[in-house]
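# Structural overview for review
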Amino acid sequence: MKAIKRKILIVSGKGGVGKSTMSSQLAMGIAHFGSKVGVLDVDICGPSLPKLFNCEDYQIVSQEWGWIPAISNGVSVMSVAFMLPNRDSPVIWRGPRKTNIIIRFLKDTYWGKLDYLLIDTPPGTSDEHLSTISSLKNVKVDGAVIVTTPQELALDTIRREITFCQKMNVTILGIVENMSGYVCPCCDEISDIFSTGGAEELANEFDIPFLGKVPLDPSVVQLCDTGKTIWETENQYSDSIKNIIDNIEIEINKIQ
Amino acid sequence: INLFWCGQDMLRWIAKRKPYPHQKRLIQYAYSADSFQSKKHEFEKLKQGKRKEASAPTKGRLTNMKHIIPIASGKGGVGKSTTAVNIALSLAAQNLTVGLMDADVHGPSIPTVMNLKGKKAIVENQKIQPLMNFGIKCMSTGFLVDEDKAMIWRGPMVIGAIRQILTSVEWGELDYLIIDLPPGTGDASLTLAQEVEIDGVVIVSTPQDLALADVSRGVQMFNTVNVPILGVVENMSYHICENCGNHSHIFGDSGAENMAKNMNLQFLGKIPLHQNIRETTDKGQPIVVSQPKSQFTQAYNSIAMNIIKYCTNK
C-alpha cells in the first residue's frame, strides 16, 4: 500500500450514476497520459469493473508477495468477480463476510508501484464503505470523488454522502456531474434528459470543488459494454474526462 | 487451518472433537459470518456431541396484504424507484388499495418521488402511520430520519429497519404492497426474500450489457432463495427526441427483452427514456398522475395490467 502515491475513492449517493464507468474512464485516461494506475472494485454484489476492462475471464494468480491484479488498457484491475466460479454467480453474502474479503483485497493484492489507485465503491453508505475506510485508516485515503447525475433524485442523496465523508474524515476532492446533456445524433438538439447544472449549484452550496460535467454519449455506452477504451479518438467526451483528471490533480495538490 | 474458509461439515468435525478455547472462538467467528445467532443453539448441541438438522427458515405470510411485489434490479440507477412509484399509482388507478414500501435504507428515494419530502412519520397506537399521497400509503426510512443524515448502517441494522417497516407500520388491508428494493443482492433483498411470502419479483433493467450482468446475478439469487420472478421491465429503452421524434437507443437495443427470452422470464414491457418522466419524478408529480394520457403512462399501465393478470392467475 505504501508504494501507491495517491488513493482516491469514487463514491456516489445513488446507484446508476456512472461510478464504475467514471472510474474506468478516469483510470484509462490517467494511463493514457502516462501515469501508473490501478482500480480496485469494492462493489461486491455488483462488480462491474471486469466487464468495463474486458477481463472477465481473468483468474487470480496468487504469488508469494500477494494476489496479482489483471492488467488491461494499461490499468491494473482487481475485483471480487475474479474469485467467482462463473460470471453470473450472485454474491449473496452478509456484512461480515463482505468486510473480510475487502480487508483481504486491500492487504493481499500486490499492486506494485502505482501513481494512482482508484477505489470503485458500491452506491450509498453501507458496510463496504465503512470497511474500506477503516482498513485504510493507517494508510490514508487522499480523497473522495463524488459522482452524480444532475437530477433532483440523485442530488438528494449527495447530501448524505457528503455528511458521510465528513464523518469519516475523508477529504472530498469534488463533484462530477455525469450524463449531463444528450445531443440527438440526427438533429443536434440538446436534451437535458437528466436535467443539468444541479450538481454545480450543490457544490457551491457546500463549498466543494466542482470537477466537471460529462455528457451522455451512446458510443461510450457501446465501448463500455465491450471493454474498449475511448482514448483512441478525441471527442467531447474524452475532453471532459481529461478536464476532470486535471481538476482532480489540482485539488490533490492543494491539499498536500 | 484457516477456519473462516472451512465448510460447514469441517466446522462440525472440529467442534465435535472438543476444541481448545482459542479454536472455539475461531469457530464462533466463522459461524458469525452466516448469522451466528441462529446457529448458536446448533453449535451448543454439537459441543455435547449431538447432531441437529438445521431447519429452513419459515416464511411469514402477512395476512393484511393480498399480494407483495418487490421491484428489484441487479444494478443501481436503472429506474427502480421511478418504476415502482408509477406502477403503484397505475394499480391504484384500477381502484385497488396499494401500499408502497421503500426498502432502500441508504438512499431512500420515495419521499422525493411522492412529493413528501421533509415530512416525518407519526406514531399512533404504537404503530407507525404511513403517509398518504395520490391515493396510496407509503413508508420509507426517509420519513424516519433527517434528510442530510448519512445512514451509515451495517447489515443487522438494515435488517431490523426492514422488519420494522413491514410489521410496525399501520398498513391496514392492502391489495398490493409494492416494495422498492435497493439495488443488488444485499441484506435488504435477502431478508425480504427469506422472511416474507412474495408473489413475484419485478426486475427492472436498462438494455445495456453492464446492467444485464448484474440482473442475471439478481435472478440467480432469487432462484436460490425460492422467490418467483414475475417478469422483466426494460427501462430507458430508447430516447425519443422532442424535436424530430427520432428513437435512439442510447443504452443499447432490446438487451433486457432478449435476456428475458433467454432466461425464460416473462417480458413485461419497455419504457422509453424521456425528459418528461425525469422532470415529473423530480418534482414529485409522477407521470402516471400528472400526465395520465401520455404514452409513458400507457406503458406503465400495461405493465400494471400484466402484474394483475399474473397475481389473479396464481
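Here we summarise the structure given alongside this text.

Turning to the environment of Val288(B), a few remarks are in order. Residue and element names in this part refer to chain B. Mapped onto the elements of the fold, Val288 is located in helix 11 (residues 287-290). Under the relative-accessibility criterion, Val288 is labelled buried at 9%. In sequence terms Val288 and Gln94 are 194 residues apart; their C-alpha atoms lie 12 Å from each other.

All names here are of chain A. For the structure shown, the criterion picks out eleven salt bridges over all chains. For Glu249, the salt bridge identified is with Arg6, shortest N-O distance 3.0 Å. Of this pair, Glu249 sits in helix 8 (residues 236-255) while Arg6 is found in strand 1 (residues 4-11), placing the two residues 243 residues apart along the sequence.

All names here are of chain B. Counting buried residues in strand 6 (residues 136-140) gives five out of five residues, a clear majority hidden from the surface. Every second residue of strand 6 is oriented toward a common face, with Ile136, Cys138 and Ser140 on one face and Lys137 and Met139 on the other, all of them buried. As judged from the four bridges shared by strand 2 (residues 98-102) and strand 6, these two strands associate in the parallel manner. Bridge pairing in strand 6 places Leu100 opposite Cys138. As paired elements, strand 5 (residues 131-133) and strand 6 share three bridges and run antiparallel to each other. Its bridge partner lying in strand 6, Asn133 is registered against Ile136. The hairpin formed by strand 5 and strand 6 contains two residues between the paired strands, and Phe134 there has a positive phi angle of roughly 50°.

We now examine the nonpolar core. Here is a general trend for soluble globular proteins: nonpolar side chains tend to be buried in one another's company. The biggest cluster of nonpolar side chains holds 87 residues, and the ones touching the most others in it are Leu100(B), Met101(B), Met139(B), Trp171(B), Leu177(B), Ile178(B) and Ile307(B). Among the elements that take part in this core, helix 12 (residues 295-313) of chain B stands out by supplying eight residues, more than any other. Not counting residues within four places of it along the chain, the set of residues in contact with Leu177(B) comprises Met65(B), His67(B), Ile68(B), Ile69(B), Gly99(B), Leu100(B), Met101(B), Leu166(B) and Trp171(B). Among the nonpolar cores identified, the runner-up in size contains 79 residues, and Leu136(A), Ile175(A), Tyr237(A) and Ile252(A) belong to it.

The rules behind these values
- Residues numbered from 1 in each chain as written.
- Chains lettered and ligands numbered in written order.
- Predicted model: local features only at pLDDT ≥ 70, side-chain atom pairs only at ≥ 80, totals over all residues.
- Heavy atoms only, no water.
- Helix = DSSP H or I, 4+ residues; strand = E, 2+ residues; numbered from the N terminus.
- Buried < 20%, exposed > 50% of the residue type's maximum accessible area, 1.4 Å probe, protein only.
- Salt bridge = Lys/Arg side-chain N within 4 Å of Asp/Glu carboxyl O.
- Pairing = 2+ DSSP bridges.
- Core = buried A, V, L, I, M, F, W, Y, C linked by side-chain atoms within 4.5 Å.
- Contact = heavy atoms within 4.5 Å.

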